[in-house]
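# Geometric and topological summary
One-letter residues, chain by chain:
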Amino acid sequence: MTGTEMLPLLWTAIGQTLTMVVSTLAIGGLAGLALGVALYTTRPGNLLENKPVSTVLNAIVNVVRPIPFIIFITAVQPLTIQVTGASYGTASVIFPLAIMATFGTSRIVEQNLVSLDPGLIEAARAMGAGPLRIIGTVIVREALGPLILGFTFLFVAITDMSAMAGAVSGGGLGDFALTYGYQRYDYVVTWVAVGVIVVIVQLAQLLGNRLAARVLHH
Amino acid sequence: MSAMVCLQHVTKEFTAGKQTVRAVDDVSLEIERGEIFGVIGYSGAGKSTLVRLINALESPTSGTVVIDGETITGRTERQLRPVRARIGFIFQQFNLLGSRTVAGNVAYPLRVARWPKERREARVAELLEFVGLSDKARQYPDQLSGGQKQRVGIARALATSPGLLLADEATSALDPETTRDVLDLLRRVNTELGVTIVVISHEMSVVSYLCDRVAVMEAGKVVEEGDVYTIFSSPQQPVTRRFIATALHDRPGPDVVQRLRERHRGRIVTFGVRDGHGSGTFLSEQFRAHRVDGSIVYGGITDIGAKPLGSLTFELVGTEVDVDALLVTMREHTDVVEYGGPLTPTDTTVDEATADAATDDDARVEVAR
Ligand SMILES: Nc1ncnc2c1ncn2[C@@H]1O[C@H](COP(=O)(O)OP(=O)(O)OP(=O)(O)O)[C@@H](O)[C@H]1O
Ligand SMILES: [Mg+2]
C-alpha cells in the first residue's frame with residue numbers, strides 16, 4: 001500500500017480509535033468511579049457500611065473483570081444489538097468496552113481510596129458534613145492525584161482493548177492493522193499502526209502525569 | 001443555666017464477631033459552661049469513645065447525652081449533623097485536608113454551614129489571625145510543622161464559633177515546647193472566646209497545666225472526678241496516683257532512697273508541700289525551733305491550678321530527740337514520709353506510684369512556673 005492510499009484509511013482509523021477510547025473513558029470512567037466509591041464506602045467500618053450491598057458488588061466485579069475482552073465482546077453481542085442497534089462498527093464496540101472499563105476502573109478507584117486516611121472522613125463528619133458532601137469533597141478530592149494516574153493507566157488499557165475491536169469489524173487502529181497489515185502481509189502498515197498507538201499512549205501518559213502533579217501541587 | 005455537657009448513665013458497647021467490648025461503662029458526668037475539663041486514662045480506657053459520644057459521632061448503647069440543654073440521644077444521623085457542626089473537634093493527627101490550603105481547611109466547615117464567600121473569607125482571615133498563622137494562609141498542610149498544623153486544626157474547629165471544643169490527644173504528637181504553645185492557645189480559646197473545652201489526654205502534665213476539673217477513666221468507667229488540685233493533692237484511686245506520679249516526679253523511688261542513704265549521714269525524710277502547708281518559711285522556722293539542720297536532697301514543687309504541690313526530701317541532722325520532735329510537729333501540718341538514716345534504716349515501703357515515677361538518679365528540685 002502506498003502512502004497516499006494508506007493516509008485516509010489511517011486518519012479514519014485514528015478517529016475511530018479516539019472515539020472509542022474517549023467515549024469509553026468518559027462513560028466507563030464515570031460509572032467505574034461511582035462503582036469504585038460504592039465498593040469503598042460500603043466496606044465494613046466505612047462511611048456507608050452495608051454488608052449485603054458490598055458482598056453483591058464485589059461478587060459481580062469479581063465475576064466480570066477476569067473475562068477476556070475478546071470473548072466478552074461476542075458474549076454480550078445480543079445485548080449490544082439491543083442497546084446500540086448494531087452488531088458491528090465503532091458504536092457497537094463502545095458498549096462492551098464501557099462495561100469492561102467500568103469494572104476495571106472500579107477496582108482501580110477502590111484501591112486508591114483504601115489508602116485514604118480515615119481520620120479525614122472522621123474530621124468531615126465531626127464538622128457536620130453529610131455523606132454525599134464527604135464523598136465529593138473529601139474522598140474523591142483527596143485521592144484525586146492517584147485517581148488521575150489510575151485513569152491514565154485506564155486510558156492505556158482501553159486503547160489496548162479497543163484494538164481488539166478489529167475482531168468484530170469495529171474499526172479503529174486494531175482493525176486497520178489486521179485488515180490492511182496482517183491479512184495482506186504488509187508489515188509497514190502494521191508498524192505504522194503500532195507507531196501511532198505508541199504516540200497516542202505517550203501523549204495520554206504525559207497529560208495524566210502533568211494533571212496529577214498539578215493536583216498534588218508539587 | 002444548664003451544664004454544657006451532661007452524660008447520664010452512658011454506656012457504649014462495640015460488638016466485633018462474638019466479642020462485645022464495653023468501651024464506656026455507665027458514665028455520668030457534668031461539664032460546666034466555660035470550664036476546661038480533662039479526661040485522663042491509659043490507652044483503651046475509653047476516652048476517645050467518650051468524646052465521640054459527646055459530639056455524636058457515636059450513639060450510646062444506653063444512657064442519655066445532653067448538650068447545652070438539648071438531648072441528642074435517639075436522633076437520626078441527619079438530625080445529628082447540625083449538632084456536630086456546633087461542636088469543635090481537634091485531633092491528635094490533625095486530620096487536615098491535604099488537597100486544600102490552610103485557608104481552604106479553615107473554610108471547610110463554613111462551606112458545610114453554607115456561609116457566603118465574602119463572609120467566609122473574612123472569618124478565615126480572622127481565625128488565622130487569632131491562631132497566628134495569617135502568613136501561612138496559602139500554604140498546604142504538608143508544608144507546616146506539627147504545631148502549626150494543630151493551630152490550623154484549632155482555627156478550623158473554631159470556625160463556626162462553637163461553644164464547646166473537644167480535643168482528643170491534641171498535643172500527643174507534639175514535642176514539649178510545641179505542646180506548651182498549643183496548650184496556651186487552648187487557654188486563650190477558653191478565656192478570650194469563652195469556649196468550654198474538653199481535653200482528652202494520657203499525660204497528667206497536660207491536665208495539670210490546663211484543666212479546672214478532671215475525670216480519671218479506667219476500663220470504661222470514670223473512677224475519680226474532681227477539681228484538679230484536689231485530685232492531685234489527695235488522689236483516691238491507684239490509677240490516679242500513678243498518673244500523678246508521672247506529672248510530679250517529686251518523691252524518691254526505692255533505688256533513689258538507697259543511694260540517698262549511702263550518700264548522706266542524717267535521716268532522710270520527705271515533707272509534702274501543699275497549698276498553705278510546708279512552705280519554705282514555715283519549714284525553716286520549724287527547723288530552727290527544733291535545732292535541726294535540714295538540707296534538701298530531692299524533691300519537686302509544681303504549680304497546679306495556681307497552687308503549689310509537691311514534696312521536698314531532706315537530710316535531717318540533729319539529736320534523735322530533736323528530730324523526732326520536729327517530725328511530730330510536721331505531721332500535724334503535712335504528710336511526712338520517713339526513710340530512716342544510714343545506720344537505722346526504717347524501711348518505709350515506698351508506694352507503687354512514686355516508685356514508677358522517680359527513677360532519676362540525682363536529687364533535683366524543680367519549680368515549675
Ligand atoms: N469502633 C470500635 N469497634 C470495636 N471496638 C472499639 C471501637 N472503638 C473503640 N473500641 C474499643 O473500645 C475500647 C476503648 O477505646 P478508646 O479508643 O475509647 O480508648 P482510648 O482511651 O481513647 O485509648 P487511646 O489512649 O489508645 O486512644 C478499646 O478496647 C477499643 O478496642
Ligand atoms: Mg483515644
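Rules of the game
- Residues numbered from 1 in each chain as written.
- Chains lettered and ligands numbered in written order.
- Predicted model: local features only at pLDDT ≥ 70, side-chain atom pairs only at ≥ 80, totals over all residues.
- Heavy atoms only, no water.
- Near = heavy atom within 4 Å.
- Polar contact = N/O pair within 3.5 Å; in protein donor to acceptor, adjacent residues only side chain to side chain.
- Areas by Shrake-Rupley, 256 points an atom, 1.4 Å probe, with all protein chains shown as cover.
- Helix = DSSP H or I, 4+ residues; strand = E, 2+ residues; numbered from the N terminus.
- Core = buried A, V, L, I, M, F, W, Y, C linked by side-chain atoms within 4.5 Å.
- Buried < 20%, exposed > 50% of the residue type's maximum accessible area, 1.4 Å probe, protein only.
- Contact = heavy atoms within 4.5 Å.
- Lys, Arg positive; Asp, Glu negative; His and termini not counted.
- Salt bridge = Lys/Arg side-chain N within 4 Å of Asp/Glu carboxyl O.
- Pairing = 2+ DSSP bridges.
- Right-handed = clockwise from strand over helix to strand, strands pointing away.
- pLDDT = per-residue confidence, 0-100.
- Axes fitted to C-alpha atoms, helices over the stretch in contact; angles between N-to-C directions.
- Parallel < 35°, antiparallel > 145°, perpendicular 65-115°, else oblique.
- Left-handed = near helix turned anticlockwise from the far one by under 90°.
- Nonpolar A, V, L, I, M, F, W, Y, C, P; charged D, E, K, R; others polar.
- Buried area = accessible area lost by both parts, 1.4 Å probe.

Residues and elements named next belong to chain B. All residues adjacent to ligand 1 are F14, V21, A23, Y42, S43, G44, A45, G46, K47, S48, T49 and E169. G46 has a polar backbone atom sitting 2.9 Å from an oxygen atom of ligand 1. Side-chain polar atom of K47 to an oxygen atom of ligand 1: 2.8 Å apart, as the coordinates give it. Coverage of ligand 1 by the protein chains reaches 60% of its 630 Å² of free accessible surface. Broken down by secondary-structure element, the contributors of at least two residues to the shell around ligand 1 are β2 (19-31) and α1 (47-54).

By size, the foremost hydrophobic cluster in this structure holds 55 residues, and its most contacted members are I154, L165 and F232 of chain B. Those residues in contact with F232 of chain B that lie beyond four places of it in its chain are M204, S208, I244, A247, L248, I304 and L309 of chain B.

What follows deals with the side chain of R120 of chain B. Residue and element names in this part refer to chain B. Summarising the element assignment, R120 is placed in helix α4 (residues 117-130). Here R120 is buried and forms no salt bridge, its nearest opposite-charge partner E121 lying at an N-O distance of 6.1 Å. Only 3.3 Å separates the side chain of R120 from the backbone oxygen of W115, close enough to count as a polar contact. Discounting residues that sit within four places of it in the chain, R120 has contacts with A107, L110, R111 and W115.

Right, let's get into the pairing of strand β7 (residues 164-168) of chain B. Residues and elements named next belong to chain B. With five of five residues buried, β7 is to be regarded as a mostly interior element. Judged by which residues are buried, β7 turns out to be covered on both faces: L164, L166 and D168 on one side and L165 and A167 on the other are all buried. Pairing of strand β6 (residues 87-91) with β7, which is carried by five bridges, proceeds in the parallel orientation. Paired with F89 across the bridge in β7 is L166. Here five bridges tie β7 to strand β8 (residues 196-201), and the two strands are oriented parallel to one another. By the bridge assignment for β8, L166 is matched with V198. Taken together, β7, helix α6 (residues 176-193) and β8 constitute a β-α-β crossover, and its handedness is right-handed.

Residues and elements named next belong to chain B. Overall, the prediction assigns chain B a mean pLDDT of 88, with 91% of residues at 70 or greater. For residues 347-369, every residue scores under 50 in pLDDT, and the model assigns this stretch 57 contacts once sequence neighbours within four places are set aside. For this predicted complex, the interface confidence score (ipTM) comes to 0.87, while the overall pTM stands at 0.86.

When two helices pack together, their arrangement is given by the angle between the helix axes and the distance between those axes. Residue and element names in this part refer to chain A. For the pair helix α4 (residues 77-84) and helix α5 (residues 90-114), the least separation of the axes is 9 Å and the interaxial angle reads 120°. Between α4 and α5, the angle is such that the two are oblique. Here α4 runs over α5; the crossing is right-handed. Residue-level contacts link L79, T80, V83 and T84 of α4 to A91, S92, F95 and P96 of α5. A per-class count over the contact of α4 with α5 returns five nonpolar, three polar and no charged.

Further remarks concern the interface of chain A and chain B. With 19 residues of chain A at the contact, the number on the chain B side is 24 residues. Where chain A abuts chain B, roughly 2000 Å² becomes buried across the two surfaces, and 51% of that area is made up of carbon and sulfur atoms. Of all residues in chain A, R125, M127 and H217 of chain A bury the most surface against chain B, accounting for 32% of the area lost on that side. Across the chain A-chain B interface, the total number found is two salt bridges. For R52 of chain B, the salt bridge is made with E122 of chain A, and the minimal N-O distance between the two is 2.1 Å.

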